[in-house]
Amino acid sequence: MSTVIHREVSVVADRSVGWAAVVRDPIVIAGVVTVALVVVGELVSPGFAGWGQIVNMLRVASFLGVVAAGQTIVILSGGGGIDLSVGKVATFAAIVGSRIMQGDDAGVAAGIVVPLLVCAVIGLVNGLGVTMLRIPPFVMTLGMTGVVHGLIMVYTNGRADGRAAPALTTLVNGKIVLGLPGVLFLWVAIAILVTWLLRRTTFGWRLFAVGANTQAAELSGVPVRRTVILAYVAGSVFAGLGGLLLVGYTESVMLNLADDYTMPAIAAVIIGGTLAAGGVGGYLGTAVGAVTLTVLTSLLTTLNIGSAWRTIVNGVVLVALLSFYGRQKRLRA
């Protein structure tokens, strides 16, 4: 009898631990917060939770989600890895792409490939600066922000005049399947690709190893420098892709089109459960974090909250979520 009781107690304890882990999971918490924000939005502004509004919020979240995909890879690489240049890089890609396209589908292929190649070179320089010159990522990417801004001014002479190709605009704004814009399907494809890259490829395994313990990874034969460089290249390429999708949404380009995406991209990664120190996390959480931030911003806009207060509220929500995760010890490790 005592053995049976002991087993039942053990099963109950295991279930309790399992449920506790689920409740504390950052992805679950971010998802619950998102649903709560949608409910609050519907209560204060009927129609906020309408199908059309939800689809539009997901479309806007996809731009942040794509930019944050690269930021996830960079942060996972560890060593204080962070890319503060993604906003400017995304803007530069949008400017280059729109100038090549000039509102003509004939230039859509070159208008996508060329900017992404430019972004890859920028990411390569970031990676080399961090690994070969041993410049701290914060300093290196902050400096690169200034460099890219200068390149934008030289390239445009202070005037952005390009336009997105109709095909790109249709992908982002048109209803492709089931009344949904094509950019959402593209985002799902990117999410699957990034998750596969992180979990099922040699690069992904090496990235987690380097992020968790650089010295141990190097002693195990992992090419640390190459892995980190590739992480920064990927970060810039995804930033560029996000910028191109954003210009497809706006149809025309501005000199500061995606500048404000840097901090939200970092916030989405952290909200989604990726460890700031690297080595722990994934893209699914980042995608959910991007949706959370977008819904929050949409709600604050609906409430006519000023931009300054929106920034404050975003910061408070970020701190509150991190505190609720119960992950402080790991974040300080």
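Calculation criteria
Residues numbered from 1 in each chain as written. Predicted model: local features only at pLDDT ≥ 70, side-chain atom pairs only at ≥ 80, totals over all residues. Heavy atoms only, no water. Helix = DSSP H or I, 4+ residues; strand = E, 2+ residues; numbered from the N terminus. Buried < 20%, exposed > 50% of the residue type's maximum accessible area, 1.4 Å probe, protein only. Contact = heavy atoms within 4.5 Å. Areas by Shrake-Rupley, 256 points an atom, 1.4 Å probe, with all protein chains shown as cover. Core = buried A, V, L, I, M, F, W, Y, C linked by side-chain atoms within 4.5 Å. pLDDT = per-residue confidence, 0-100. Axes fitted to C-alpha atoms, helices over the stretch in contact; angles between N-to-C directions. Parallel < 35°, antiparallel > 145°, perpendicular 65-115°, else oblique. Left-handed = near helix turned anticlockwise from the far one by under 90°. Nonpolar A, V, L, I, M, F, W, Y, C, P; charged D, E, K, R; others polar. UniProt positions renumbered as here; feature names shortened; annotations may be inferred. Salt bridge = Lys/Arg side-chain N within 4 Å of Asp/Glu carboxyl O. Patch = residues over 30% accessible without salt bridge, like charges linked within 9 Å, V, L, I, M, F, W, Y side chains within 5 Å. Polar contact = N/O pair within 3.5 Å; in protein donor to acceptor, adjacent residues only side chain to side chain. Phe/Tyr/Trp six-rings, centres within 6.5 Å; stacked < 30°, edge-to-face > 60°. Lys NZ or Arg CZ within 6 Å of the ring centre and 35° of its normal.

The subject of this paragraph is the overall build of the protein. Helix and strand counts for the protein stand at 15 helices and 2 strands. Counting the 333 residues in the protein, one finds 46% classified as buried. Taking all contacts inside the protein whose residues are at least 6 apart in sequence as the whole, residues at least 24 apart take part in 76%. Only carbon and sulfur atoms are counted for the fraction: they give 69% of the accessible area of the protein, which is about 15,800 Å².

Before going further, it helps to spend a moment on the nonpolar core. Ranked by size, the top nonpolar core spans 83 residues in total, and within it Ile 73 and Trp 187 carry the most contacts. Among the elements that line this core, the one with the most residues is helix α3 (residues 51–76), at 13 residues. Setting aside anything within four residues of it in sequence, one finds Ile 73 in contact with Leu 197, Leu 198, Phe 203, Leu 207, Ala 231, Ala 234 and Phe 238.

Let us now look at the confidence of the model for the protein. Looking at the protein, pLDDT values average 88 and 89% of them are 70 or higher. Looking over the protein, one finds the lowest element-wise mean pLDDT in helix α15 (residues 328–332), namely 44, and the highest in helix α5 (residues 108–131), namely 97. Residue range residues 9–14 is modelled with pLDDT below 50. Its contacts to residues more than four positions away, or to other chains, number 0 contacts. Here residues 327–333 is a poorly scored stretch, pLDDT under 50, and it has 14 contacts once near neighbours within four places are set aside; other chains count.

Look at helix α2 (residues 26–44) against helix α13 (residues 283–302): their axes get within 9 Å of each other, and the N-to-C directions meet at 20°. Between α2 and α13, the angle is such that the two are roughly parallel. Of the two possible hands of crossing, α2 and α13 adopt the one that is left-handed. Facing α2, whose interface residues are Ile 27, Ala 30, Gly 31, Val 33, Thr 34, Leu 37, Val 38, Val 40, Gly 41 and Val 44, α13 presents Leu 284, Gly 285, Val 288, Val 291, Thr 292, Val 295, Leu 296 and Leu 299. Residues belonging to the contact of α2 with α13 are distributed by class as follows: 13 nonpolar, 5 polar and no charged.

This paragraph deals with the UniProt feature "transmembrane region" (unreviewed entry) in the protein. Sites flagged by UniProt as "transmembrane region" (unreviewed entry) map to residues 27–51, 63–86, 106–125, 137–156, 176–198, 229–249 and 307–325. Between the C-alpha atoms that bound residues 176–198 the distance is 29 Å, and the span itself is 74% helix and 17% strand. Taken as a whole, residues 229–249 contains 100% helix and 0% strand, while its terminal C-alpha atoms sit 31 Å from one another.

If you walk through the whole model with that rule in mind, you get 4 salt bridges. Taking the shortest distance from any N to any O, the salt bridge between Asp 161 and Arg 99 comes out at 3.0 Å. With Asp 161 in the loop between α6 (137–156) and α7 (166–173) and Arg 99 in helix α4 (residues 86–101), this residue pair connects regions lying 62 residues apart in the sequence. Overall, the relative accessible area of 23% leaves Arg 99 in the partly exposed class. Residues joined by salt bridges that share partners form a network here, namely Arg 99, Arg 159 and Asp 161.

Next up on the list: a nonpolar patch on the surface. Judged by side-chain polarity, Val 35, Val 39, Val 40, Leu 43, Val 44 and Leu 303 come together as a nonpolar surface patch covering roughly 540 Å² of accessible area. By the element assignment, Leu 43 lies in helix α2. Take Leu 43: its relative accessible area is 68%, and that puts it in the exposed class.

Okay, the side chain of Ser 236 next. By the secondary structure assignment, Ser 236 is in helix α11 (residues 224–250). A polar contact is formed between the side chain of Ser 236 and the backbone nitrogen of Gly 123, at a distance of 3.4 Å. Discounting residues that sit within four places of it in the chain, Ser 236 has contacts with Asp 83, Val 89, Cys 119, Ile 122, Gly 123 and Asn 126.

Our focus in this paragraph is the side chain of Ser 98. Within the secondary structure layout, Ser 98 lies in helix α4. Look at Ser 98 and you get buried, because its relative accessible area is 0%. Among residues more than four places away in sequence, those in contact with Ser 98 are Gly 162, Arg 163, Ala 164, Val 247 and Val 253.

Turning our attention to the packing of aromatic side chains. Tallied over the entire structure, the rule returns 2 aromatic pairs. Centre to centre, the rings of Phe 63 and Tyr 249 are 5.2 Å apart; their planes meet at 50°, and the pair counts as tilted. Taken together, the residues Phe 63 in helix α3 and Tyr 249 in helix α11 connect sequence positions 186 residues apart. For Phe 63, a relative accessible area of 1% gives the class buried. Tyr 249 sits in the partly exposed class, given a relative accessible area of 29%. A centroid spacing of 6.2 Å and a plane angle of 80° characterise the contact between Phe 92 and Tyr 155, whose relative ring orientation is edge-to-face. Placement of the pair is Phe 92 in helix α4 and Tyr 155 in helix α6, with a sequence separation of 63 residues. In this arrangement the basic side chain of Arg 99 is found over the ring face of Tyr 155, its NZ or CZ atom lying 5.1 Å from the centre.

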